[in-house]
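An overview of the molecular structure
The primary structure of each chain is shown beneath.
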Amino acid sequence: MCGIVGYMGNQDATPVIMSGLNLLEYRGYDSAGICTMASGAVEIRRSSGKLVNLERLLKQQPLHGNIGIGHTRWATHGKPSIANAHPHKGGSVIVVHNGIIENYLLLKDELTRRGHQFLSETDTEVISHLIDEKFTADTSFEEAVRQALKEIHGVYALCALSEKDDKTLIVAKSGSPMVIGIRGNEYFVASDMPAIICYTREIVIMEDGEMAVIRNGTVKFSAIGGGELEKISRIIDWSPLKAENKGFPNHMLKEIHEQPQALRNVVAGRVREEEGDVVLEGLNLDDTSLKSFERLCLVACGTSWHAALVGKYLIEEYCRVPVDVEIASEFRYRDPLVSRKTLVIPISQSGETADTLAALREARDKDAHIVSICNVADSSIARESHGVIYTHAGLEIGVASTKTFTTQLVALYLLTIRLGRANGRIDLRKGQEMIAALSGLPALVEKTLGLDSQIEEVACEYLTSWDAIYLGRGISYPIALEGALKLKEISYIHADGYPAGEMKHGPIALIDVDMPVFILAPRDRHLVKVQSNMEEVVARGGRVVVFCSEGDFKTGKGAEYALQIPWAGEALSPVLFAVALQLLAYNFAILKGKDVDKPRNLAKSVTVE
Ligand code: M6R
């Protein structure tokens, strides 16, 4: 998603903005741009593709000035191109924007009729023209922005400058994230804290409907609708982890290999072996409150939604509490049936996914209690929840979720133990058993990572396939979905995940000699059934690769390849099977020469609908 960095102070703005944009690279982008202002003269540089192209351009045509705004663009309205890259200038006003302006076509038509000329296909350009039109001799820049924003419907975080007021930087937010860092009389604006935390740890987090006017070494906050606001800054005490490859060829492989440690981190300090229980420090619910909920509702997008599906199996199985799993983008518009008797659990790596955040707000407005599962500290979803369980996976740069998925699975496992102990469905012995199973997990992940060369061989064998099917049953079904998503997003091979028992109701028609079928067959209660499903595929000439449990030699009969995954018990087997499928997708993508860290069209943090 788009990234914004702004600066106003006494140093040259360009290096500050470029270093910030580099740190926001993980969000995904297709073009970038920067604008600085010196003595009322504005200069803009934009380029398509990677930031290095903009850096090259800046070497040839440097920019100077103590005020500036920069942007990495993830295309929504208008293709990726230099013309559509931000900043956009309308008259005297220059804007960078993250979000979507829903009524931009209407506004564009009206502005065009009034003589404005547009140079891009973006919704953002409309904002700059609209502000420019309002910025007259009788109206201040600040008032012009306020008036323009009243006419805009949609989601935005934006920074605006004007040639007619060279001492002012205006920031506004409604729906997309924005923070402001303060160091003396210097101000740093960014979509995400890691972009500016090396300059200052004093941060003000902007909330929806707020505006900041930075002028002459001061900042004034107000509601967009009018009325000054007292905002309190906070000192950030966590350190953003550096994105280093540590000898790995890319971030994704490094993050796959970080899983043993990430899984130790999500458990660290939380288990009480003797009591057969766990302590979830941010849960903020005592036993009486926790067991009082009539149902749970897990809501998420993408990979996090797959984690939620695993969570349903765990919680219903061990705690006997009904669990609904919702896709956030559907939930938010469905007038969902939740109440104060519902515990709603948004799951999000970034904590900024627009749909998940909107679902959270919808549920909160309906009086549901919210406990989120998040990776990013102080993210919007974490802040807006009544409680939060952090996954402690560390920084994930690769767009494809890997360690953040398996840590979500373990966070849900911990929550299952806590809820089961609170409502009495998990007794002391079962609790101790479940905790004991966790202690061996990192080593089993290490062992699974050791299967890489066998997995690479499989990827080589099926490299020319255009489609693939993943099958799983029970708790492995969501892992089949996740395996298929991983393959699609980084190798661009079409893949579908199905519950194995559903094959005969349609997808079996797809089986032929060109279609690899990846079957998940852990040693759990579904094994016999999955074996039958496998035979149905083999009988129709399908090419089967089976992921079975270590030592289950018979399971592989009829398959072209059988990969033996360590056995961690039914409830934790999704973690190990997920790791194997991450390696499979990774190998396909690398053999096809794809950029696994930045797959086309995708963004790490999806802050628009
Ligand atoms: O940050 P979130 O967990 O809320 O992100 C949700 C999805 O966008 C995300 O899981 C996406 O599907 C993954 N990048 C897939 O690997």
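All values reported here derive from a predicted model rather than from experimental measurement.

Structural notes on the overall build of the protein chain
Counting its secondary structure elements, the protein chain contains 19 helices and 27 strands. Taken over the C-alpha trace, the protein chain has a radius of gyration of 26 Å; the compact-globule value for 609 residues is 25 Å, and the two agree within 12%. Seen along its three principal axes, the alpha-carbon backbone of the protein chain occupies a region of about 80 × 55 × 45 Å. Counting only residues that meet the buried cut, the protein chain has 60% of its 609 residues in that class. Here the analysis covers contacts within the protein chain between residues at least 6 apart in sequence; of these, 71% occur between residues at least 24 apart. Put simply, the protein chain shows about 23,000 Å² of open surface, and 50% of that area lies on carbon and sulfur atoms. Once the 65 positive and 78 negative side-chain charges of the protein chain are each reduced to a mean point, those two points are 1 Å apart.

Concerning the site of the ligand
Around the ligand, 14 residues are found, and the nearest of them are Ser304, Ser348, Ser350, Thr353 and Glu489. Between the ligand and Ser401, the relevant distance is 2.9 Å, taken from an oxygen atom to a main-chain nitrogen or oxygen of the residue. Contact with the protein chains removes 91% of the 410 Å² of surface that the ligand exposes when unbound. Contributions of two or more residues to the shell around the ligand are made by helix H9 (302–319) and helix H17 (477–491). Considering each element in turn, the shell around the ligand owes the most residues, 3 residues, to H9. Looking at side-chain class alone, the shell around the ligand contains 4 nonpolar, 8 polar and 2 charged residues.

Things to note about helix H7 (residues 259–267)
Within the sequence span of H7, burial applies to Gln259, Pro260, Ala262, Leu263, Val266 and Val267. Viewed along the axis of H7, the buried residues span an arc of 165 degrees, placing them on a single side of the element. Gly269 sits one or two residues past H7 and shows a positive phi near 75 degrees.

Some remarks on unusual backbone geometry
Along the chain, His86 connects to Pro87 via a cis peptide bond; the corresponding omega equals 0 degrees. Along the chain, Pro87 turns up in the loop between strand E4 (67–73) and strand E5 (88–90). One non-glycine residue with positive phi stands out, namely Asn216, at about 50 degrees. Inspection of the secondary structure puts Asn216 in the loop between strand E12 (210–215) and strand E13 (218–223). Positive phi values are uncommon outside glycine, yet Asn601 reaches one of about 65 degrees. By the element assignment, Asn601 lies in the segment after helix H19 (573–591). By relative accessible area, which is 62% here, Asn601 ends up exposed.

Concerning the environment of Gly209
Note that Gly209 resides in the loop between strand E11 (202–205) and E12. Given a relative accessible area of 29%, Gly209 falls into the partly exposed group. Distance from Gly209 to Leu487, taken between C-alpha atoms, is 39 Å for residues 278 residues apart in sequence. Ignoring any residue separated from it by four or fewer positions in sequence, one finds Gly209 in contact with Lys173, Ser174, Ser222, Ala223 and Ile224.

How each quantity is defined
- Residues numbered from 1 in each chain as written.
- Predicted model: local features only at pLDDT ≥ 70, side-chain atom pairs only at ≥ 80, totals over all residues.
- Heavy atoms only, no water.
- Helix = DSSP H or I, 4+ residues; strand = E, 2+ residues; numbered from the N terminus.
- Rg over C-alpha atoms; globule rule 2.2 N^0.38 Å.
- Buried < 20%, exposed > 50% of the residue type's maximum accessible area, 1.4 Å probe, protein only.
- Contact = heavy atoms within 4.5 Å.
- Areas by Shrake-Rupley, 256 points an atom, 1.4 Å probe, with all protein chains shown as cover.
- Lys, Arg positive; Asp, Glu negative; His and termini not counted.
- Charge placed at Lys NZ, Arg CZ, Asp CG, Glu CD.
- Near = heavy atom within 4 Å.
- Polar contact = N/O pair within 3.5 Å; in protein donor to acceptor, adjacent residues only side chain to side chain.
- Nonpolar A, V, L, I, M, F, W, Y, C, P; charged D, E, K, R; others polar.
- Arc of directions from axis to C-beta.

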